[in-house]
Amino acid sequence: MQIHDLEKVFLDKIEEEIKIEPRDWMPDAYRKNLVRQISQHAHSEIVGMLPEGNWISRAPSLKRKAILIAKVQDEAGHGLYLYSAAETLGTSREETINDLHSGKAKYSSIFNYPTTSWADMGAIGWLVDGAAIINQVMLCRTSYGPYARAMVRICREESFHQRQGFEILLVLSRGTAEQKAMCQDAINRWWWPSLMMFGPRDGESTHSDQSMKWKIKRMSNDELRQKFIDMIAEQVKVLGMTLPDPDLKWNESRQHYDFGEIDWNEFWNVVKGNGPCNKQRIEARKNAWDEGAWVREAAAAYANKKKLKTNNGLEAA
Ligand code: FAQ
């Protein structure tokens, strides 16, 4: 088949909502864009374990510790599904991880902020997982099969994460004056960075137009951000807390909340590596990689030994 015939088959599939699968022909730019997005998503899950991992040893009770450990483990699992999805596009795990360590690949800006109190565990679950899930529900319908299927499993777990975060804040919001203040302070610090998770404004988004045409993305950055704001502006009332935005107001004619200006300088500064914890996060990932070398070697040796045994068995038979 000629290239333009292959491209037609590909575009027809996109049009007819048939998933693109790893062995299907796809344009190079589609493959490249997916590798970029999926691998950055995977990195976000893995780097995202660090801010919460920081509180496992300081969780206020055994029950809270067990829940937090399970949540952080879930994020590791999400990272692994996503690295596997990226591998189906012909990129190796090692290559992808090297790109993270060298600073070539991005990960979500949100994970470059510090977690300074227990209430941050609540704010991350409620706001960060909340933002992630708004974005990821749309990705369950993304056009690339392995990515879409990974997202279905991830979304189920993320919705549990969001509830556990909200519950942490609910308990604090009904506690002592200090606990209430801690809850409000965490919301104040995580609100604006959570809005930045959706990426630059639509007019400034590099990839959105093409990603929407290929149905990699189904909604724009601003549409998703608005959806999130509308949801959280209602949920915060249950906590009896406020969001740190004096311009946040229900707009009857738009049927949406209006909101204030996001600090885009701060966003780009964090994306470019100058956020409060960027260096610390990459350092932690590199150390984990180096310290885990013996585990990878042992696993590879075990797998080779097993393969050798099976081959010998086959020869003997
Ligand atoms: N941070 O053209 P666009 C989670 C970059 S998972 C850093 O609009 P696109 C779970 C973007 O890469 C959170 N960089 O890009 C969890 C591009 O740069 P490039 C992660 C950002 O891809 C919870 C440039 O700016 N979720 O939280 C950010 O069309 C709790 C131009 O942007 C996903 O990754 C940012 N916030 O739209 C874990 C979901 N925003 O690549 C632990 C999948 C943009 O050209 C604890 N990804 N950039 O160098 C997506 O849906 C999209 O990639 C967007 C960005 C919406 C993030």
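Worth saying up front: this structure is predicted, and the values here are computed from it rather than measured.

Draft legend 1. Examining the pattern of salt bridges more closely. Overall, the coordinates contain 18 salt bridges when judged by the stated rule. The salt bridge partner of E52 is K71, with a shortest N-O separation of 2.9 Å. One end of the pair, E52, is in helix α3 (residues 49–53); the other, K71, is in helix α4 (residues 62–87), with 19 residues separating them in the sequence. In this structure, E52 and K71 share a single accessibility class: buried.

Draft legend 2. Representation of the environment of M241 in the model. Locating M241 in the fold gives a position in the loop between α10 (221–239) and β1 (249–251). Distance in space between the C-alpha atoms of M241 and L172 is 11 Å, their sequence separation being 69 residues.

Draft legend 3. Examining the side chain of R218 more closely. Mapped onto the fold, R218 is located in the loop between α9 (208–213) and α10. Looking at R218, the relative accessible area reads 18%, which means it is buried. Here the side chain of R218 touches R141 through a polar contact of 2.8 Å, landing on its backbone oxygen. Beyond its immediate sequence surroundings of up to four residues, R218 is in contact with E17, M138, R141 and M212.

Draft legend 4. Fine view of unusual backbone geometry. The phi angle at E17 is positive, at roughly 65 degrees, despite the residue not being glycine. Tracing the backbone through its elements, the reader meets E17 in the loop between α1 (3–15) and α2 (28–47). Among the residues examined, E17 registers a relative accessible area of 43% and is labelled partly exposed. Here the phi dihedral of Q255 falls at roughly 60 degrees; this positive angle occurs in a residue that is not glycine. Mapped onto the fold, Q255 is located in the loop between β1 and β2 (256–258).

Draft legend 5. Here's a closer look at the nonpolar core. The biggest cluster of nonpolar side chains holds 72 residues, and the ones touching the most others in it are Y30, I38, W126, Y144, W190, W191 and F228. Counting residues per element, this core draws most heavily on helix α6 (residues 119–139), which supplies eleven residues. Residues in contact with Y30, not counting those within four places in the same chain, are F10, I14, I20, S143, Y144, W214 and I216.

Draft legend 6. Spatial organisation of α6. The end-to-end C-alpha distance of α6, which contains 21 residues, comes to 29 Å, matching closely the 30 Å that a straight helix rising 1.5 Å per residue would cover. Taking the largest bend as the criterion, α6 deviates by roughly 25 degrees, centred on G130. In terms of burial, α6 is a largely internal element, 19 of the 21 residues being buried.

Draft legend 7. Seen up close, the site of the ligand. The immediate surroundings of the ligand are formed by 36 residues, with K106, S205, T206, H207 and K217 found nearest. A distance of 3.4 Å is found between a nitrogen atom of the ligand and a backbone nitrogen or oxygen belonging to M197. Within the contact set of the ligand, an oxygen atom lies 2.8 Å away from a side-chain nitrogen or oxygen of N221. Within the complex, the protein chains bury 92% of what would otherwise be the 1100 Å² of accessible surface of the ligand. The set of elements that each furnish at least two residues to the shell around the ligand consists of α2, α4, α6, α7 (145–173) and α11 (264–274). For the shell around the ligand, the class distribution of residues is 13 nonpolar, 14 polar and nine charged.

Conventions and cut-offs
Residues numbered from 1 in each chain as written. Predicted model: local features only at pLDDT ≥ 70, side-chain atom pairs only at ≥ 80, totals over all residues. Heavy atoms only, no water. Salt bridge = Lys/Arg side-chain N within 4 Å of Asp/Glu carboxyl O. Helix = DSSP H or I, 4+ residues; strand = E, 2+ residues; numbered from the N terminus. Buried < 20%, exposed > 50% of the residue type's maximum accessible area, 1.4 Å probe, protein only. Polar contact = N/O pair within 3.5 Å; in protein donor to acceptor, adjacent residues only side chain to side chain. Contact = heavy atoms within 4.5 Å. Core = buried A, V, L, I, M, F, W, Y, C linked by side-chain atoms within 4.5 Å. Expected span 1.5 Å × (residues − 1). Bend = angle between axes of the 7 residues up to and from the residue. Near = heavy atom within 4 Å. Areas by Shrake-Rupley, 256 points an atom, 1.4 Å probe, with all protein chains shown as cover. Nonpolar A, V, L, I, M, F, W, Y, C, P; charged D, E, K, R; others polar.

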